[in-house]
Amino acid sequence: MFEIPPFHQLLEQVRFAGDADVHRGLHAANPGTDGLAVLLSPAADKHLEAMAKRSADITALRFGRTTQIYAPLYVSSFCTNRCSYCGFSADNKIERRILSLEEAEAEAIILHQRGFNHILLVSGEAPAKLGVDYLEQLALRLRDRFASISIEVQPLSTYEYGRLFKAGVTSVAVYQETYNRDIYNQVHISGRKCDYDFRLDTPARAAESGMREVGLGALLGLADWRAEGLALGLHLAWLRKNFWRTALTVSFPRLRPAAGEFQPLYNVTERDLTHLIFALRIFDPDVGIILSTREEARYRNGMIGLGPTRYSAGSCTAPGGYSNPDTTGEQFSIGDLRTIDEVCAAIKQKGFDPVRKDWDAGFQMQ
Ligand code: SF4
C-alpha cells in the first residue's frame, strides 16, 4: 500500500533549495522525487521560463503535436458525502437528478455526434442510487459506440473495477483532493469519503483490476500547492513502480465557485498552477496532464503545447445538460465557456492537432 509521509515533512522538503539545485533538477534526465521537490521550491519561481521550455520540449517528444479533448458526461448529482467545497455536497439544497440508462445513452449520443470517440462518465457518490450494476449496464450500452470509456465515480473494490473493465471501462480517475490528512479530515465532514486511506489506495485497486489508465489529482486551494505537488509525484512514482503497465494522468483542478459558498483555504494563482504543471512534466515525462474547463480560455490557450496533453471542452457539469442546456444543479461553474469547435480551432491555431479519441480497444491485451 502506498504510504504518504506526513504533510509537514513534504512542506519542509519543498521549502529549501538554491539556484544550483534548480539548475541540476532542470537538466537531469531523471530528477526523481528529490529533484521534483527542488523544482517545486520557491527557488524555482524565477526559473519559470526555463522550466516552460524544458516542459514543452519533453511534451513534444513524448506526445507529439496532439492535444486530446474530451467532455464529461454527468450521470448523477446525488451524493451521500458532505464535502465542504463541492456543489453536490449532501447538505446543499440543489435540484438533484440521476439519468436513466436511456437518458445517459442519449447524452452520450450527443457527445458522439459532436465527434467524441472517448467518454468520461461522472457522478456524485451515492452507491445505493448509482452502483456498479448501473455503470456496468451503461458501459455495455456504450462500448460499441465509443473506443474507450472512463469513469470518475465513487471509489470501488478491485473486484468491482474488474467487472467494469470487462464491461468496457478502461480508465478510472479518482482524486485524493488533498494529501494533507488534517485538512482532508476538516473538509470531508461526513460520508464514506471521510476514509482518507481507502481513497489513497483506490488508484492501486483500479490498476490491479487491469484498468489501462488511472488518473490522480489534487484540488488546488485546500492545502499548500508545492507540498501537494510533491505528494502527487510520490504517488505517481509508487504507482509506476508497482503497476508499470498502467498509464497515468494527473489533474490539478483549482477550486471554483460552487453551491455552499466555500472559500479556498489557500490562494493558488495561475502562475502557481503553471509552475506545478511544468514541475510535474519534467519529473514524469510520460504522465498525461489534464487542464479542464475550470480554467479560463485565455489561460488554456496560453498553455497549449507547454505541458498539458488533454483538455476538456464544451463541458456541462449537470446531469442531462447536453440535451437540455438550461439544466441547473452544476457541480461547479465553468471558466471556459467556448464550444468544442472553438477550443479545437484554438488548438489548431497553435499548430496542434485536437484529437477526440483516447485509444482503441483493439490495442487491449486480454
Ligand atoms: S466532491 Fe464528490 S463526494 Fe464530495 S460532495 Fe462532491 S460529488 Fe460528493
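Residue indices follow the written sequence of each chain, beginning from 1 at its first position. Residues qualify for local features only when their pLDDT is at least 70, as the model is predicted, and side-chain atom pairs are given and counted only at 80 or more; totals for whole chains, interfaces and linings, by contrast, use all residues. Hydrogens and waters are ignored; side-chain quantities use all the structure's heavy atoms.

Q: Pulling in residues and values, what's your account of the site of the ligand?
A: Around the ligand sit 11 residues in total, of which C79, N81, C83, C86 and K193 are the nearest. Residues are grouped as follows: Ala, Val, Leu, Ile, Met, Phe, Trp, Tyr, Cys and Pro are nonpolar; Asp, Glu, Lys and Arg are charged; every other residue, Gly included, is polar. Looking at the shell around the ligand residue by residue, the class counts come to 5 nonpolar, 4 polar and 2 charged. Near, as used in this document, describes a residue that has one of its heavy atoms within 4 Å of the molecule or strand being considered.

Q: Give me the pairing of strand β9 (residues 247-251): which residues, what numbers.
A: Buried residues dominate β9, accounting for 4 of its 5 residues. Examined bridge by bridge, strand β8 (residues 213-217) and β9 share 5 bridges and lie parallel to one another. Note that in β9 the partner of V214 across the bridge is L248. The handedness rule is simple: strands pointing away from the viewer, and a clockwise path from the first strand over the helix to the second, make the crossover right-handed. Note on conventions: DSSP H or I runs of at least 4 residues are helices, E runs of at least 2 residues are strands, and numbering of each starts at the N terminus. Note on the crossover from β8 through helix α11 (residues 225-242) to β9: the handedness is right-handed. Pairing between β9 and strand β10 (residues 288-291): 3 bridges, direction parallel. The partner of T249 across the bridge, within β10, is G288. Between buried and exposed lies partly exposed: a residue is buried under 20% and exposed over 50% of the maximum accessible area for its type, with that area taken using a 1.4 Å probe on protein chains only. Being paired, for any two strands, means DSSP has found at least two bridges between them.

Q: Explain the sheet that holds strand β6 (residues 169-173) to me, and be specific about the residues and the numbers.
A: Strand order in this open sheet of 10 strands is β2-β4-β5-β6-β8-β9-β10-β11-β1-β12, and the pairing throughout is parallel. Lying at the two open borders of the sheet, with one neighbouring strand each, are β2 (72-76) and β12 (353-355). Mean inter-strand twist for the sheet, computed between neighbouring axes without regard to direction, equals 25 degrees. As paired elements, strand β1 (residues 66-70) and strand β11 (residues 310-312) share 3 bridges and run parallel to each other. Opposite I69, over in β11, you have Y311 as the bridge partner. Helix α5 (residues 101-113) contacts β2 and β4 (118-123) of the sheet and is inclined by roughly 170 degrees relative to β2. Throughout, a contact is declared for two residues whenever any of their heavy atoms are within 4.5 Å. Fitting a line to C-alpha atoms yields each axis, with helices limited to the stretch in contact; the angle taken between N-to-C directions then spans 0 to 180 degrees. Sitting on the sheet, helix α7 (residues 158-167) is in contact with β5 (148-152) and β6, with an inclination near 135 degrees to β6.

Q: Help me get a handle on helix α1 (residues 7-15), residues and values and all.
A: Those residues of α1 that sit buried are F7, L10 and V14. The buried side chains of α1 occupy one side of the element, clustering within an arc of 55 degrees when seen end-on. If you follow the buried residues of α1, they end up packed against α3 (32-40) and α11. The directions considered for the arc are those from the helix axis to the C-beta atoms.

Q: Explain the nonpolar core to me, using residue names and the numbers behind them.
A: Counting residues in each nonpolar core, the largest one holds 116 residues, and the members touching the most others are M51, Y85, I119, Y134, Y179, F252 and I277. Once you skip the residues sitting within four places of it in the chain, Y134 turns out to touch V75, L99, S100, L101 and A104. As used here, the term nonpolar core means buried Ala, Val, Leu, Ile, Met, Phe, Trp, Tyr and Cys residues forming a set that is joined through side-chain atoms within 4.5 Å.

Q: Please provide a residue-by-residue account of the environment of A346, values included.
A: Among the secondary structure elements, A346 is positioned in helix α14 (residues 340-349). In this structure, the C-alpha to C-alpha distance between A346 and L280, residues 66 residues apart in sequence, is 24 Å. For A346, the contacting residues outside a window of four places in its chain are N301, I304 and R338.

Q: Please set out the environment of A60 residue by residue, giving values where relevant.
A: Looking at the secondary structure, you find A60 in helix α4 (residues 48-63). On the basis of relative accessible area, A60 is assigned to the partly exposed category, the value being 39%. Distance in space between the C-alpha atoms of A60 and G305 is 7.2 Å, their sequence separation being 245 residues.

By themselves, these observations are geometric and do not establish any function.
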